[in-house]
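Chain residues, written in single-letter form:
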Amino acid sequence: MNCNNLHSPYRMKKILAILTPLLMVLSANAQIEKAKKYLELKAWAKAQSMAAKEVTKDKNAAEWWYIKASAEYEMSRMDKYRGGKVNYLRECAKSAIKARQKDEAGKYLDDYQLWMKGITIQNNKEAMAAFAQASDARSIQMFRNSFLLTGDTIAYGMLGLSYVKDKQELEGVKIMKTVANWNFDAWSAGNCQGSYVRE
């Protein structure tokens, strides 16, 4: 083999073309691992900051959305992050919804399941409180978030009721009709007998 061939400009370009994407993937994986380590260490603000930068660069980066949502959820529970410029309770729900939308197959969901469950529970509590206080616009948003997070028929039914309370009867009835059809189909198939919105 001629050693001069190995150093030819064409050969070097070919090697670089092969190595560049590989190095980019390795670098991206290292960044993800660093952010996960921040989550492990409970360095929520650092993990959130990294994730926020990454989702700005790539809006389809599902795992970064999960990291962002997880960190924001933890920050929303801390006094020092409440009442500031950023409403982390609202932000974690938005990020979690993005994560679920970008990760349709649920590839990353198991790694972030505890945080996603916490976000859903927190969102549901806020939605029920808003509904009870007749804060209709807020309950509409919160129940929409719950439905987008979980696909839960009860959340969707409550969204419909919130629209009715907000005097948007047409939208409310449309949603309740969809829920009624889902419930009838589930009942007909013998599934989930006791999990329906009842009036």
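In what follows, the structure referred to is the one given above.
To start, this report covers the structure provided alongside it.

## Observations regarding the overall build of the protein
Link 1 in the chain: Looking only at helices and strands, the protein features 9 helices and 0 strands.
Link 2 in the chain: Starting at the N terminus and ending at the C terminus, the protein contains elements arranged as α-α-α-α-α-α-α-α-α.
Link 3 in the chain: The buried share of the protein, reckoned over its 199 residues, is 37%.
Link 4 in the chain: For the protein, the proportion of contacts with a sequence separation of at least 24, taken over those separated by at least 6, is 52%.
Link 5 in the chain: In the form shown here, the protein has an accessible surface area of approximately 12,700 Å², with 57% of it arising from carbon and sulfur atoms.

## As for the packing of helix 4 (residues 62-76) against helix 6 (residues 113-132)
Between two packed helices, what matters for the description is the angle formed by their axes and the separation of those axes.
Link 1 in the chain: In the contact formed by helix 4 and helix 6, the axes pass within 9 Å of each other and the chain directions differ by 55°. The orientation of helix 4 with respect to helix 6, classified from their angle, is oblique. Once helix 4 is placed against helix 6, the crossing between them reads as left-handed. For the pair helix 4 and helix 6, the contacting residues are Tyr66, Ala69, Ser70, Tyr73, Glu74 and Ser76 in the first and Trp115, Met116, Gly118, Ile119 and Gln122 in the second.
Link 2 in the chain: Of the residues that constitute the contact of helix 4 with helix 6, the class distribution is 6 nonpolar, 4 polar and 1 charged.

## Some details on helix 5 (residues 88-102)
Note: α-helices contain 3.6 residues per turn, so residues at a spacing of three or four share the same orientation.
Link 1 in the chain: For helix 5, built from 15 residues, the straight-helix expectation of 21 Å at 1.5 Å per residue is met to within 8% by its first-to-last C-alpha distance of 20 Å.
Link 2 in the chain: Inspection of helix 5 places Tyr88, Leu89, Cys92, Ala93, Ser95, Ala96, Ile97 and Ala99 among the buried residues, and these make up the whole buried set.
Link 3 in the chain: Where helix 5 is buried, its residues meet helix 3 (44-57), helix 4, helix 6 and helix 7 (136-150).
Link 4 in the chain: One side-chain oxygen at the N-terminal end of helix 5 lies 3.1 Å from the backbone nitrogen of Leu89; it belongs to Asn87.

## Re the packing of helix 7 against helix 8 (residues 153-165)
Link 1 in the chain: Remark: helix 7 packs on helix 8, axes separated minimally by 8 Å, with the N-to-C direction vectors making an angle of 160°. Of the possible angle classes, the one that applies to helix 7 and helix 8 is roughly antiparallel. Classified by chirality, the crossing of helix 8 by helix 7 is left-handed. For the pair helix 7 and helix 8, the contacting residues are Asp136, Ser139, Ile140, Phe143, Arg144, Ser146 and Phe147 in the first and Ala155, Tyr156, Met158, Leu159, Ser162, Tyr163 and Lys165 in the second.
Link 2 in the chain: Per-class residue counts for the contact of helix 7 with helix 8 are 8 nonpolar, 3 polar and 3 charged.

## Some details on the packing of aromatic side chains
Where two aromatic rings form a pair, the distance of their centres and the angle of their planes describe that pair.
Link 1 in the chain: All chains considered together, the criterion is met by 8 aromatic pairs.
Link 2 in the chain: Between the aromatic rings of Tyr66 and Tyr112, the centroid separation amounts to 5.3 Å while the plane-to-plane angle is 10°, which identifies the pairing as stacked. Remark: Tyr112 occurs in the loop between helix 5 and helix 6 and Tyr66 occurs in helix 4; sequence separation between them is 46 residues. Comparing Tyr66 with Tyr112 shows no difference in burial state: the two are buried.
Link 3 in the chain: Geometrically, the ring pair formed by Tyr112 and Trp115 is tilted, given 6.3 Å between the ring centres and 35° between the ring planes.
Link 4 in the chain: These aromatic residues form a ring-pair network of at least three members: Trp44, Tyr66, Tyr112 and Trp115.

## Side note on the pattern of salt bridges
Opposite charge on two side chains makes pairing possible when the charged atoms of those side chains draw close.
Link 1 in the chain: Counted under the stated rule, the structure contains 11 salt bridges.
Link 2 in the chain: Taking the shortest distance from any N to any O, the salt bridge between Asp111 and Lys36 comes out at 3.9 Å. Separated by 75 residues along the polypeptide, Asp111 in the loop between helix 5 and helix 6 and Lys36 in helix 2 (residues 9-40) bring together distant segments of the chain.
Link 3 in the chain: Using a relative accessible area of 48% as the deciding quantity, one classes Asp111 as partly exposed.
Link 4 in the chain: Between Arg77 and Glu74 there is a salt bridge; the shortest N-O distance is 3.6 Å.
Link 5 in the chain: Judged by relative accessible area, which is 14%, Glu74 ranks as buried.
Link 6 in the chain: A network of salt bridges, in which partner residues are shared, links Lys36, Glu63 and Asp111.

Definitions and cut-offs
Residues numbered from 1 in each chain as written. Predicted model: local features only at pLDDT ≥ 70, side-chain atom pairs only at ≥ 80, totals over all residues. Heavy atoms only, no water. Helix = DSSP H or I, 4+ residues; strand = E, 2+ residues; numbered from the N terminus. Buried < 20%, exposed > 50% of the residue type's maximum accessible area, 1.4 Å probe, protein only. Contact = heavy atoms within 4.5 Å. Areas by Shrake-Rupley, 256 points an atom, 1.4 Å probe, with all protein chains shown as cover. Axes fitted to C-alpha atoms, helices over the stretch in contact; angles between N-to-C directions. Parallel < 35°, antiparallel > 145°, perpendicular 65-115°, else oblique. Left-handed = near helix turned anticlockwise from the far one by under 90°. Nonpolar A, V, L, I, M, F, W, Y, C, P; charged D, E, K, R; others polar. Expected span 1.5 Å × (residues − 1). Polar contact = N/O pair within 3.5 Å; in protein donor to acceptor, adjacent residues only side chain to side chain. Phe/Tyr/Trp six-rings, centres within 6.5 Å; stacked < 30°, edge-to-face > 60°. Salt bridge = Lys/Arg side-chain N within 4 Å of Asp/Glu carboxyl O.

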